[in-house]
Amino acid sequence: PPPPLTADADTVALGERLYGANCAICHGNAARGGVKDLRHMAPDTHAAFADIVLGGTRAANGMASFADVLSAAEADAIHHYLIARANQDWAANQ
């Protein structure tokens, strides 16, 4: 199961907008499918999210750093959006 959502609706909405503008082209609209379906992140991926998105720790796998595009708060909002999406789909399948 995905981690619990701890962000407010405004943060999730910001994350949704930022995801659409920066992530959807590779990871799919509404975080469905794409190169890597981010609704199904493992706990270690959640823990390393900022390092992946901003630090470029998975650049060798094709995931470039977005540090020149996103702030830490914006990356965090995207992460919360992905958690919200994962919880929506998890609940729908239970």
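Here the structure is a predicted model, which means the values were calculated and not measured.

Caption draft 1: Geometry of helix α1 (residues 9-22). In this model α1 runs 20 Å from its N-terminal to its C-terminal C-alpha over 14 residues, within 8% of the 20 Å that 1.5 Å per residue would give. Of all the positions in α1, only V12, G15, L18, Y19 and N22 are classed as buried. Projected down its long axis, α1 shows its buried positions confined to an angular sector of 125 degrees, all on one face. Along α1, exposed side chains directed more than 90 degrees from the buried face belong to A9, D10, R17 and A21. Tucked into the core, α1 has its buried residues touching α2 (24-27) and α5 (72-92).

Caption draft 2: Examining the packing of aromatic side chains more closely. The tally for this structure, following the rule as stated, stands at one aromatic pair. Each ring, one from Y19 and one from Y81, has its centre 5.4 Å from the other, and the planes form 50 degrees; the classification is tilted. Here Y81 lies in helix α5 and Y19 lies in helix α1, a separation of 62 residues in the sequence. For Y81, a relative accessible area of 5% gives the class buried.

Caption draft 3: Expanded view of the side chain of H80. Structurally, H80 is set in helix α5. For H80, a relative accessible area of 12% corresponds to the buried category. Sequence-distant contacts of H80, that is, excluding residues within four places in its chain, are made with L5, T6, A7, T11 and V12.

Caption draft 4: Structural detail: the environment of A84. Mapped onto the elements of the fold, A84 is located in helix α5. Residue A84 is classed as buried on the basis of its relative accessible area, which comes to 8%. Distance from A84 to P2, taken between C-alpha atoms, is 8.9 Å for residues 82 residues apart in sequence. Setting aside residues up to four positions removed in sequence, A84 forms contacts with L5 and V12.

Reading guide: rules and limits
Residues numbered from 1 in each chain as written. Predicted model: local features only at pLDDT ≥ 70, side-chain atom pairs only at ≥ 80, totals over all residues. Heavy atoms only, no water. Helix = DSSP H or I, 4+ residues; strand = E, 2+ residues; numbered from the N terminus. Expected span 1.5 Å × (residues − 1). Buried < 20%, exposed > 50% of the residue type's maximum accessible area, 1.4 Å probe, protein only. Arc of directions from axis to C-beta. Contact = heavy atoms within 4.5 Å. Phe/Tyr/Trp six-rings, centres within 6.5 Å; stacked < 30°, edge-to-face > 60°.

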